[in-house]
Amino acid sequence: MTKKVLVWLDGPYGYLHYGISRHLSDLDDFEYYGMVSYQRDMEFFKQQTKLHFKELHYYPQYYIENSSKPDLDYLSKIEKELGLNFWLIAYAERTFLQERNFFHSFKSDEILSIIESLTKFFYDFLNRVKPDFILMQKTGENLANFLLYNIAKSMNIKTLMMVETRLSNSFVISDDLLVSNLKNDFNKIKNSSSHNVKEYEPEFIQKRSLSIDLKSFLEIEFGNASFIEKLTRYSKRINTDPEPILLNRGKTKLKMLSWRWNQLFQLRKRRNFLEKHTLKHIPDKKFIYFPLPVQPESQSYAWSPFHVNMISIIENIAKSIPSNYLLFVKEHPGQKSKNWRSIEIYEKITALPNVRLLHYNVNNWEMISKSNLVILINNSSGLEALFYKKPVIVFGDTFYDVTSMVKKVEKIEDLPSLIRDSLFSFKFSNDELSFLIESIERNHIIVPYWGIIKEFIYLTSTLIHSDAKKTVIEFEKIFQKYDDEFLIMASAYQKIS
């Protein structure tokens with residue numbers, strides 16, 4: 001029986017999903033529908049001949065064409081019907097954030113009007129087509145992606161995503177962000193009468209750390225490219241009229257040049273502050289470690305929307321620790337890609353009497369190994385800390401909080417007691433760590449995901465001014481290079497679709 005698949009075709013992720021879909025066709029009978037985020041990519045998907053799309057939609061046109069005030073009665077009705085909260089979804093969109101409004105400051109009516117237009121289109125489309133599943137990137141990357149995910153979940157439509165397990169090149173195809181199947185498998189293994197327990201040392205996670213992949217991934221924009229290459233690429237962007245999508249609202253050539261100059265100035269100013277006012281070596285003290293997450297990004301804003309104010313979180317931790325401990329806060333080296341944080345934020349952190357701000361180049365493994373407790377939102381350092389036999393406290397949801405070694409903050413008033421319990425009553429369980437890794441290995445696929453995405457980012461950024469025919473030729477080179485990996489991903493999707 002033919003299965004209907006809605007393929008999310010958003011920038012570089014769209015090319016990845018297109019490659020996966022081509023191999024899906026070899027495995028089963030599928031009927032494809034596409035949602036395209038950029039007009040330039042629309043031309044590519046129209047001209048390619050390897051995959052037949054029954055329908056292709058350039059979804060931004062539905063809010064571009066609508067400039068009327070939002071219908072609040074309609075939005076309220078859909079919220080009740082589907083159990084949604086549109087403002088919660090809206091606040092996950094980074095373009096709407098105050099620190100991102102250099103080009104355009106979005107007002108309430110404008111945001112709700114965009115949400116209304118997209119909601120009507122997605123809701124009507126899903127009701128009409130009734131896809132068996134949606135092949136999409138990890139949700140939260142943008143408003144449309146997150147909105148479609150929430151609507152589909154409310155309608156019991158599968159949203160199959162590649163979600164990282166926090167191990168290098170390790171991904172689980174999951175219908176939810178929290179990869180609940182890993183938790184379910186953990187409990188099955190734990191309750192089973194026969195299981196093989198393995199011993200894991202810190203060397204395991206050092207070799208398998210997700211940071212290895214992300215470091216290489218970030219180099220395309222912030223590492224190896226020369227100044228001339230960056231200048232050439234940015235000059236081409238400036239000389240091209242931007243699509244009228246919400247990401248480009250208010251952009252003019254003059255504003256773009258002014259923004260770029262401001263970014264370079266702020267980057268240097270903030271980096272200089274960090275060089276002068278952060279510790280570059282770990283003092284010999286008892287300390288609790290709080291690694292700052294990269295912001296803004298989906299893991300915080302979509303996954304843990306109520307835990308994005310770092311100053312508030314750091315202050316609450318500082319209030320809750322014993323008097324003979326310090327709180328060490330380390331900046332994330334990946335924050336450079338977001339132009340670092342404002343100096344005002346850094347000054348507020350350094351002003352706290354029992355808090356020390358550490359330089360972003362301080363070794364994360366050394367921080368974990370010397371710490372007495374690791375507290376974080378929901379990022380990878382929590383899983384990494386378990387290999388060093390350290391207690392962990394998380395604010396947000398994460399799959400590894402299924403172990404007894406990880407405590408979750410349900411109420412902020414409980415934080416002091418959680419910290420004391422973690423410091424003075426912690427018991428490391430090698431069995432549970434072994435069960436956790438086994439649950440990952442039973443469900444994951446190993447593919448160089450970020451390496452492939454990196455190539456597609458380069459493809460879309462360098463061929464943005466080329467015609468679609470050339471893009472098709474260049475894509476085929478990448479597809480052939482990673483043909484085996486596309487087949488592995490397609491097989492994993494087909495298995496649970």
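See the structure above.
Quantities reported herein were computed from a predicted structural model and do not represent experimental measurements.

Scanning the protein from N- to C-terminus turns up 22 helices and 13 strands. Over its C-alpha trace the protein gives a radius of gyration of 23 Å, about what one expects of a compact globule, namely 23 Å for 497 residues. Taking the principal axes of the C-alpha coordinates as reference, the protein spans close to 65 × 60 × 50 Å. Put simply, the protein has 497 residues, and 54% of those count as buried. Taking all contacts inside the protein whose residues are at least 6 apart in sequence as the whole, residues at least 24 apart take part in 73%. Put simply, the protein shows about 22700 Å² of open surface, and 50% of that area lies on carbon and sulfur atoms. When the 66 positive and 60 negative side-chain charges of the protein are each reduced to one mean point, those points stand 5 Å apart.

So, about the side chain of E384. Looking at the element boundaries, E384 is found in helix α17 (residues 381-386). Buried and unpaired, E384 has R166 as its nearest opposite-charge partner, separated by 8.4 Å. What E384 contacts, discounting residues up to four positions off in sequence, is I205, S209, N364, W365 and I368.

In terms of strand pairing, strand β8 (residues 326-330) meets strand β9 (residues 355-358) through 4 bridges, oriented parallel. Within β9, the position partnered with V329 by the bridge is L357. Crossover connection from β8 via helix α15 (residues 343-351) to parallel β9: handedness right-handed.

What follows concerns the nonpolar core. Nonpolar side chains tend to gather and get buried jointly when the protein is soluble and globular. Counting 129 residues, the largest nonpolar core has F122 and M162 as the members making the most contacts within it. Of all the elements, helix α6 (residues 108-129) adds the most residues to this core, at 11 residues. Among residues more than four places away in sequence, those in contact with M162 are I20, M136, K138, F171, V172, I173, I445, V447, Y449, M489 and Y493. Listed in part, the 34 residues of the second largest apolar core include M310, I311, Y346 and I377.

Turning next to the packing of helix α8 (residues 180-191) against helix α19 (residues 430-443). Two elements in contact, α8 and α19, have axes separated by 8 Å at closest approach and are oriented at 125 degrees. Taken as axis vectors, α8 and α19 run oblique relative to one another. When the axes of α8 and α19 are compared, the crossing they make is right-handed. Across the interface between the two elements, N181, L182, D185, F186, I189 and K190 from α8 touch E432, F435, L436, E438, S439, I440, R442 and N443 from α19.

In this section: the pattern of salt bridges. This model, assessed by the stated rule, comprises 21 salt bridges. Linking K138 and E164 is a salt bridge whose minimum nitrogen-to-oxygen distance equals 2.9 Å. Taken as a pair, K138 in the loop between β4 (133-135) and α7 (143-154) and E164 in strand β5 (residues 158-164) lie far apart in primary sequence, 26 residues in all. Residue classification places E164 among the buried residues on the basis of a relative accessible area of 8%. The closest approach of N and O atoms between E438 and R442, which form a salt bridge, is 3.6 Å. Of this pair, E438 and R442 both sit in helix α19, 4 residues apart, roughly one helical turn. On the basis of relative accessible area, E438 is assigned to the partly exposed category, the value being 24%. Connected through shared salt-bridge partners, D185, E438 and R442 make up one network.

Glancing now at the sheet that holds strand β11 (residues 392-394). Across the sheet, 6 strands lie side by side as β9-β8-β7-β10-β11-β12; this open sheet has parallel pairing. In this open sheet, the two edge strands, each paired with only one partner strand, are β9 and β12 (406-408). Taking each pair of neighbouring strands and ignoring which way they run, the sheet shows an average axis angle of 25 degrees. Bridging between strand β7 (residues 287-291) and strand β10 (residues 373-376) involves 2 bridges; their strand directions are parallel. For Y289, the partnering residue across the bridge sits in β10 and is V374.

Definitions and cut-offs
Residues numbered from 1 in each chain as written. Predicted model: local features only at pLDDT ≥ 70, side-chain atom pairs only at ≥ 80, totals over all residues. Heavy atoms only, no water. Helix = DSSP H or I, 4+ residues; strand = E, 2+ residues; numbered from the N terminus. Rg over C-alpha atoms; globule rule 2.2 N^0.38 Å. Buried < 20%, exposed > 50% of the residue type's maximum accessible area, 1.4 Å probe, protein only. Contact = heavy atoms within 4.5 Å. Areas by Shrake-Rupley, 256 points an atom, 1.4 Å probe, with all protein chains shown as cover. Lys, Arg positive; Asp, Glu negative; His and termini not counted. Charge placed at Lys NZ, Arg CZ, Asp CG, Glu CD. Salt bridge = Lys/Arg side-chain N within 4 Å of Asp/Glu carboxyl O. Pairing = 2+ DSSP bridges. Right-handed = clockwise from strand over helix to strand, strands pointing away. Core = buried A, V, L, I, M, F, W, Y, C linked by side-chain atoms within 4.5 Å. Axes fitted to C-alpha atoms, helices over the stretch in contact; angles between N-to-C directions. Parallel < 35°, antiparallel > 145°, perpendicular 65-115°, else oblique. Left-handed = near helix turned anticlockwise from the far one by under 90°.

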